[in-house]
Amino acid sequence: MEVELKRKLESMVSSPVLWDCPLCDYTSFAIGGPAMALVTVEEMSELQRVLVFLQEKKILWRIIGKGSNLLVNDRGFAGVILILGKGFGSISQLKTELNFVSYPTEDISANSPLAVSEGPVIQVGAGCSLARLVSWCTDQGLTGLEFAAGIPGTVGGAIIMNAGAWGCEMAGVLVSVTVITSAGEIRILPRAELDFGYRIWHDYPSQLPSVGVTGEERCVRLVVVGVELQLAPGDQEQIRSLCQSYREKRRLKQPNKECSAGSFFKNPKGDAAGRLIEASGLKGVRVGGAMVSPVHANFLVNSGGATAEDVVMLMKKVQAAVQKDSGILLEPEVHFL
Ligand SMILES: Cc1cc2nc3c(=O)[nH]c(=O)nc-3n(C[C@H](O)[C@H](O)[C@H](O)COP(=O)(O)OP(=O)(O)OC[C@H]3O[C@@H](n4cnc5c(N)ncnc54)[C@H](O)[C@@H]3O)c2cc1C
């Protein structure tokens, strides 16, 4: 980027711009080359200004949350990585209680908040971590988000991924999403107009002009800046103990020592990716520093010094073996950058 443009970008934000910033420090995989720049935007007006500037100057950008579902390629990202700062971390409860409309999705079970007919609505900034949100809801005695206990990441990332566990998912508690476009326009998208599936916000990938797993650059055109979620009043102790039991199950079933991006592949309909990978005898298989976790076969882990290329090669190896044995092509859940 030209010196003049660099100065302009630096003048638009209150946090220091990090040039040539290693993205391995911003992903749970601890993998990835440098971004040309990493910019933390502290408030909406900064974000608007920066987006308009990047659009005008045709500079590639991508927003990330906590990088807990991202594989960043070894060459890095020839553009600007945006991160939502403290100004996007607020949580507040609205006074009004909206009528709840149910939107059934594939993996919703009886303990989903969909069973609730109406309840308190909260507004949450997209930069808020799921951990802080779950803890806030527990303190307030609000039930519905216990499933998210132990899922790393931000609220924005959780909406994009339609994050879920134990038969519940973000779409099940969603009232609306507030987004800002690359032209700096703010839009409120009601849940009724949005199409969510298993680990996917279907409307969102249409914003990605080039989708692929080979590490090519992708240009995202929407930033989620906030959400409204509908919960239900509940017993604080019951909420706390359910959250704890979910965290404990994770501790027992998932690899805790190595870096990963959680489950690497989506579960195919009616089956579990982990079961299929294990059945193909792939637990412990390695490519370079990347390994199929011996603890949970759907976790591809960085066992030390793994490159993105190692992970992609391991991914292809797993896909080929599982397809040969079961006829099923596993689709990655992880996003690529
Ligand atoms: C140990 C471990 C366990 C996990 N367990 C689960 C689980 O049980 N269930 C589950 O669903 N997931 C799980 N995950 C995956 C991950 O935590 C979730 O997908 C999480 O919601 C990702 O949030 P993030 O903020 O880290 O998003 P990132 O990984 O930073 O980003 C994910 C995608 O969203 C985009 N994005 C992020 N923020 C925004 C925004 N504000 N606006 C627009 N686009 C945005 C990014 O560009 C990227 O494409 C796990 C991960 C780990 C490491």
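Conventions and cut-offs
Residue positions are counted from 1 within each chain, in the order its sequence is given. Where local features are concerned, this predicted model is filtered to residues with pLDDT of at least 70; where side-chain atom pairs are given and counted, the filter is 80 or more; whole-chain, interface and lining totals use all residues. For helices the rule is a DSSP run of H or I covering at least 4 residues; for strands it is a run of E covering at least 2, with both sets numbered from the N terminus onward. Buried residues are those with 20 or more other C-beta atoms within 10 Å of their own C-beta, exposed residues have 12 or fewer, and partly exposed residues lie in between; C-beta atoms are placed from the backbone. We call two residues in contact when the distance between their C-beta atoms, placed using the backbone, is within 7 Å. Throughout this description, a residue near a molecule or strand is one whose C-beta atom, derived from the backbone, lies within 6 Å of it. Three classes are used, and their members are as follows: Ala, Val, Leu, Ile, Met, Phe, Trp, Tyr, Cys and Pro are nonpolar, Asp, Glu, Lys and Arg are charged, and the others, Gly among them, are polar. Paired strands, in this sense, are two strands between which DSSP finds at least two bridges. Every axis in this analysis is a line fitted to C-alpha atoms, fitted for helices over the stretch in contact. Angles between the N-to-C directions lie between 0 and 180 degrees. By the definition adopted for this analysis, an angle is roughly parallel if under 35 degrees, roughly antiparallel if over 145, roughly perpendicular if from 65 to 115, and oblique otherwise. In this scheme the crossing of two helices becomes right-handed for a clockwise turn of the near helix relative to the far one and left-handed for an anticlockwise turn of less than a right angle.

Asker: Please explain the overall build of the protein as it appears in this structure.
Answerer: If you tally the helices and strands in the protein, you get seven helices and 21 strands. Looking at the protein as a whole, 43% of its 337 residues are labelled buried. Within the protein, contacts between residues separated by at least 24 positions form 70% of all contacts whose residues are at least 6 apart in sequence.

Asker: Got a minute to help me understand the site of the ligand in this structure?
Answerer: Lining the immediate environment of the ligand, one finds 33 residues, of which Gly-65, Gly-153, Gly-156, Gly-157 and Gly-262 sit closest. When contributions to the shell around the ligand are tallied by element, the ones reaching two or more residues are strand E3 (61-64), helix H4 (155-160), strand E9 (164-165), strand E15 (222-230) and strand E17 (259-263). With four residues, the top contributor of residues to the shell around the ligand is H4. Broken down by class, the residue content of the shell around the ligand amounts to 17 nonpolar, 13 polar and three charged.

Asker: Explanation requested: the pairing of strand E5 (residues 77-84) in the structure shown.
Answerer: The two faces of a sheet get side chains in turn, since along a regular strand they alternate between them. With six bridges joining them, strand E2 (residues 34-41) and E5 adopt parallel strand pairing. By the bridge assignment, Leu-38 is partnered in E5 with Ile-81. Here E3 runs beside E5; their pairing, made up of four bridges, is parallel. Its bridge partner being in E5, Arg-62 is matched across the sheet by Ile-81.

Asker: What is the right way to look at unusual backbone geometry in this model?
Answerer: Excluding glycine, residues mostly carry a negative phi; peptide bonds, for their part, are mostly trans. With a phi angle near 50°, Asp-20 is a residue other than glycine that sits in the positive phi range. Residue placement: Asp-20 occurs in strand E1 (residues 18-22). What makes Asp-20 exposed here is the crowd of 11 C-beta atoms within 10 Å. Phi is positive for Asn-162, which is not a glycine, with a value near 45°. Here Asn-162 is to be found in the loop between H4 and E9.

Asker: Can you help me understand the packing of helix H1 (residues 3-12) against helix H2 (residues 44-56) in this one?
Answerer: Any two packed helices are characterised by how steeply their axes cross, that is the angle between the axes, and by the distance between the axes. One can describe the packing of H1 onto H2 by two numbers: an axis separation of 9 Å at closest approach and a directional angle of 160°. With respect to each other, H1 and H2 are oriented roughly antiparallel. Between H1 and H2 lies a crossing whose hand is right-handed. Packed against H1, whose contacting residues are Lys-8, Leu-9 and Met-12, the element H2 presents Glu-46, Arg-49, Val-50 and Phe-53 at the interface.

Asker: What is the right way to read the sheet that holds strand E19 (residues 290-292) from this model?
Answerer: Strands belonging to one sheet form pairs held by backbone hydrogen bonds; the direction of such a pair is parallel or antiparallel. Strand order in the open sheet formed by four strands is E17-E20-E19-E18, with antiparallel pairing between adjacent strands. Both outer strands of the open sheet, E17 and strand E18 (286-287), are each paired with one neighbouring strand and no more. Where E19 lies against strand E20 (residues 299-302), three bridges are found, and the strand directions are antiparallel. By the bridge assignment, Val-292 is partnered in E20 with Leu-300.

Asker: In this structure, what is going on with the pairing of E20? I would like to understand it.
Answerer: Side chains of E20 alternate between two faces, with Phe-299 and Val-301 and Leu-300 and Asn-302 buried alike. Examined bridge by bridge, E17 and E20 share three bridges and lie antiparallel to one another. Residue pairing for E20: Ser-260 is matched across the bridge by Val-301. Hairpin connection of E19 to E20: six residues between the antiparallel strands.

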